[in-house]
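Here's the letter readout for the chains.
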Amino acid sequence: MAIAVDRIPLTEWQSNCYVIRASDDATEAVVLDPGGDIAVLSRALADLGLKTAGILVTHADIDHIGGVAELAAAAGVEVWAPAGEAQLLRDGRTRTGRPINAHDPEHPVAGGDTFSVAGVDFTVVDIPGHSAGHVGYVADGQIFSGDLLFAGSVGRTDFVGGDWDALIASISSVATTYGRDLVVHPGHGGSTTIGHELDMNPFLRELRTP
């Protein structure tokens, strides 16, 4: 049975928070990148009849981690966050220096790690480029990719830790490892597939086969 995924844009940046559960009739869910507006998110979870079982983080930008501490405390759950950026969350700051509520993530993760939460099996993928410690989470033929790749665009690389060459290499690696049919759930905007972006995304011309 396929996992169920709900996308809930939050905050003034309309960054995507994802609610991921093992099936449509599951009662527990994983929340990925709760960037803020936790009251809005909590109402959405209640409307779906879901209890938060854990929190995943892709990278340490305010619009992706701003609500982690509040949700973790309210729900009494543990947090999985990229090892390379976990210290920022512990320190209560983002990579651009903006303050957030601090939380010490119980599970610092890196590429190759696997774990299960709420009946969903995840594999961690290192995808630096938008930020140095950025990770993605793969489950059931889908990747929750934060700000690596968007429908028709890619993540910015002009912030601290950004690296264009690393970003392109990360996209190429994901495509090679998981194939064109991999569904991409990005940090902003609608979902897409790796294959569609390789064919149509103007920022990925260098990855196309001549």
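Above this text is the structure in question.
Residues numbered from 1 in each chain as written. Predicted model: local features only at pLDDT ≥ 70, side-chain atom pairs only at ≥ 80, totals over all residues. Heavy atoms only, no water.

**What about helix α3 (residues 68-75)?**
Along an α-helix, residues three or four apart share an orientation, since each turn contains 3.6 residues.
No. 1: The set of residues buried in α3 consists of V68, A69, L71 and A72.
No. 2: In this fold, the buried residues of α3 make contact with β3 (28-32), α1 (38-47), β4 (51-56), α2 (62-65), β5 (79-82) and α4 (86-91).
No. 3: Two residues or fewer after α3 comes G76, characterised by a positive phi angle close to 65 degrees. (Buried < 20%, exposed > 50% of the residue type's maximum accessible area, 1.4 Å probe, protein only. Helix = DSSP H or I, 4+ residues; strand = E, 2+ residues; numbered from the N terminus. Contact = heavy atoms within 4.5 Å.)

**Topic: the packing of aromatic side chains**
No. 1: This structure, assessed with the given rule, holds five aromatic pairs.
No. 2: Arranged with centres 5.5 Å apart and planes meeting at 65 degrees, the rings of Y18 and F144 form a pair that is edge-to-face. Highlighted residues: Y18 in strand β2 (residues 15-21) and F144 in strand β10 (residues 142-146), separated in sequence by 126 residues.
No. 3: Under the relative-accessibility criterion, F144 is labelled buried at 0%.
No. 4: Centroid distance F115 to Y137: 6.2 Å. Interplanar angle 80 degrees. Geometry classified as edge-to-face. Here Y137 lies in strand β9 (residues 135-139) and F115 lies in strand β7 (residues 114-117), a separation of 22 residues in the sequence. The residues F115 and Y137 share a single accessibility class, namely buried.
No. 5: An aromatic cluster of at least three residues, connected via ring pairs, comprises W80, F115, F122 and Y137. (Phe/Tyr/Trp six-rings, centres within 6.5 Å; stacked < 30°, edge-to-face > 60°.)

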